[in-house]
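An overview of the molecular structure
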Amino acid sequence: MKSDIDSIYAKGIRLAPDAYDFLEKFALEPAILQKILASDSFMLTKDDLDGILSAEEKIPTETVVSRSPAFKPEAKEYAPNYKVIEKSDVSGKSRCTGKLEDFVAHFRDRYARISKIVRARISQNAIVPTSKLKSTSGSKVRLIAMVNKKQMTKKGNVLLEVEDEEGSAKVVVMKDTPGFKVHHKILNDDIIALDGKNVDELFICDNVEWPDIPVAREQRKSERDLGIAYLSDLHFGSKKFLEGEFSHFISWLNGSEGRADLAGKVKYIIIAGDVADGIGIYPEQEKELAVKDIYKQYAMFDSFMEKIPDYITVIMGPGNHDAVRRAEPQPIIPYDMVKSNVVRVGSPSRVEIEGLKHLIYHGNSLDSIIATGGLTYDKPHEAMLELVRRRHLSPIYGQNLIVPEDHDYLVIEDEPDVVHMGHVHKNGHMLYRGTLLLNSGTFQDRTDFQVRMGHVPSPGLVPILETKTGKVNYIGFKEGVAGT
Ligand SMILES: [Fe+2]
């Protein structure tokens, strides 16, 4: 930074051009600046700066990217075609003060919008409110309600307490009901349709339906033959950040690492959060950091962004490691952190790209949905499906921090064509009723924590969607990590 250079000059120390160039780009931590000012050299080179910094605080190396002169990218011939529909960046606009009324308004909005989706589902049974259950005299009806409490009985049946705007009801789902395997996955706060009969104050339910994507659609494709590369969890600044592999990815985009036909189609890159590793995200994180200055972590990212071909649009959202609040919706990564010319969105966000409706979300709630059982970190797309089934990105209240805005940004109101998440460091995708559910993995190598947890990530594996055919390709940049 200019002020660091001024202080060094004021001390009578000269800087070689390479040292000057470096210091112009990066902000120094005060302790490091003091070390440099204490130097008795007349002139410092970048090598000298490297020597002054401790081994822990290495200067990021200049990004080396190769470019093939024969590369003729098709994507360069097209103007970008994208529209940010909802970036859920509430910074500065929030009406929420965290009062009880805010939570009431938040949950009213959530209930109204999700129950509307459930109500629109086709059913042979008449929908009745809980208050009218008694008068249905044993005929088959449908309730639409939110689950307040779920209990498994000793005999393996499910007992529920549900609530709608008019009251509450006790529901039992018998274990011998056809489809029980699916039905018993009901979670607290689920907003669902329950078909059954009212018998002596108890609603005997034999069918459960979530709002879901009710009808299978054709996968949406675009007219133009372009590519979208999906990234997440880069973790710049971590000792485990795979700098070499990421350089290869950038070189690949520049047509010099094989599959130049596919590389040349890439018109968009979407990054679903955890751009930087951050500071103080978990106890003793500093031991895992190669770069302990958050500004410098983002400066490293910026230096890579400079090498991305300029016809590519980069769309970037935050994750739980980034320099924004942890509670959702998470706002955009600030301009004084990432300085590159990228399209900033919050988490979650909705962006239409080449006519494909994207829902981009870091995936903070994947941990809590996986913890409900029957799901694994190895198949993140299956956990993503559970969120889509509930039409909410963080359905279990209390498990993930939220800011109770009067509009719940986490409701999945429109049926997306692509749902893109990260967070779990494991690639995976599936086509579900016409919606592509995709997790974009990571560029952080396996951490000690993941070794202890037995979690095997899939670093350096980049999914590329061809928008005209709907095909997902994987390009691997780390030896031994193959596509799924
Ligand atoms: Fe994350």
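The rules behind each value
Residues numbered from 1 in each chain as written. Predicted model: local features only at pLDDT ≥ 70, side-chain atom pairs only at ≥ 80, totals over all residues. Heavy atoms only, no water. Buried < 20%, exposed > 50% of the residue type's maximum accessible area, 1.4 Å probe, protein only. Helix = DSSP H or I, 4+ residues; strand = E, 2+ residues; numbered from the N terminus. Arc of directions from axis to C-beta. Domains from an automatic or database assignment. Buried area = accessible area lost by both parts, 1.4 Å probe. Salt bridge = Lys/Arg side-chain N within 4 Å of Asp/Glu carboxyl O. Polar contact = N/O pair within 3.5 Å; in protein donor to acceptor, adjacent residues only side chain to side chain. Nonpolar A, V, L, I, M, F, W, Y, C, P; charged D, E, K, R; others polar. Donors = N, O, S within 2.8 Å, 3.2 Å for Na, K, Ca; no water. Phe/Tyr/Trp six-rings, centres within 6.5 Å; stacked < 30°, edge-to-face > 60°. Lys NZ or Arg CZ within 6 Å of the ring centre and 35° of its normal. Pairing = 2+ DSSP bridges. Axes fitted to C-alpha atoms, helices over the stretch in contact; angles between N-to-C directions. Contact = heavy atoms within 4.5 Å.

As for helix α1 (residues 2–10)
- Along α1, the residues classified as buried are D4, I5 and I8. Here the buried residues of α1 occupy an arc of 100° about the axis, which is enough to place them on one side. More than 90 degrees from the buried face of α1, the exposed residues found are K2 and A10.
- In the segment just after α1, G12 is the residue with positive phi, at about 85°.

Focus: the domain arrangement of the protein
- Here the domain parsing of the protein yields domain 1 (2–57), domain 2 (74–92 + 216–476) and domain 3 (122–209).
- Between the C-alpha centres of domain 2 and domain 3 the distance comes to 37 Å.
- Summing both partners gives a buried area of about 490 Å² for domain 2 against domain 3, and 49% of it is carried by carbon and sulfur.
- Where domain 2 packs against domain 3, one counts one salt bridge.
- Of the charged contacts, one joins D190 and R390 as a salt bridge, the two residues approaching to 2.8 Å between their closest N and O atoms.
- Our enumeration of links across domain 2 and domain 3 arrives at three residue pairs in polar contact (both at pLDDT 80 or more).
- For the side of domain 2 that touches domain 3, the class distribution of residues is four nonpolar, one polar and two charged.

Some thoughts on the coordination of the iron ion
- Only D274 (OD), N320 (OD1), H362 (NE2) and H423 (ND1) from the protein reach the iron ion as donors, at distances of 2.2 to 2.4 Å.
- On the primary sequence, the residues serving as donors to the iron ion are separated as D-x45-N-x41-H-x60-H. Remark: H362 occurs in the loop between β15 (356–360) and α10 (366–370) and N320 occurs in the loop between β12 (313–317) and β13 (343–344); sequence separation between them is 42 residues. Judged on exposure class, the residue N320 and its partner H362 are both buried.

Observations concerning the packing of aromatic side chains
- On inspection of all chains with the given rule, the structure shows 14 aromatic pairs.
- Here the aromatic residues F236, F241, F246, F249, W252, F301, F304, F443 and F477 are joined through ring pairs into a cluster of three or more.
- When the ring centre of W210 is taken as reference, the NZ or CZ atom of R389 above it lies at 5.8 Å.

A closer look at the sheet that holds strand β18 (residues 435–440)
- On the basis of which strands lie adjacent, the open sheet formed by six strands has the order β3-β14-β15-β16-β18-β17 and mixed pairing. Single-partner strands in this sheet number two, and they are β3 (82–86) and β17 (427–432). The sheet shows a mean angle of 20° between the axes of neighbouring strands, taken without regard to direction.
- As defined by bridge partners, β17 adjoins β18 across six bridges and the pair is classed as antiparallel. Counterpart to H429 in the pairing with β18 is L438.
- Packing against the sheet, helix α11 (residues 380–389) makes contact with β16 (418–421), β17 and β18, and its axis sits at approximately 45° to β17.

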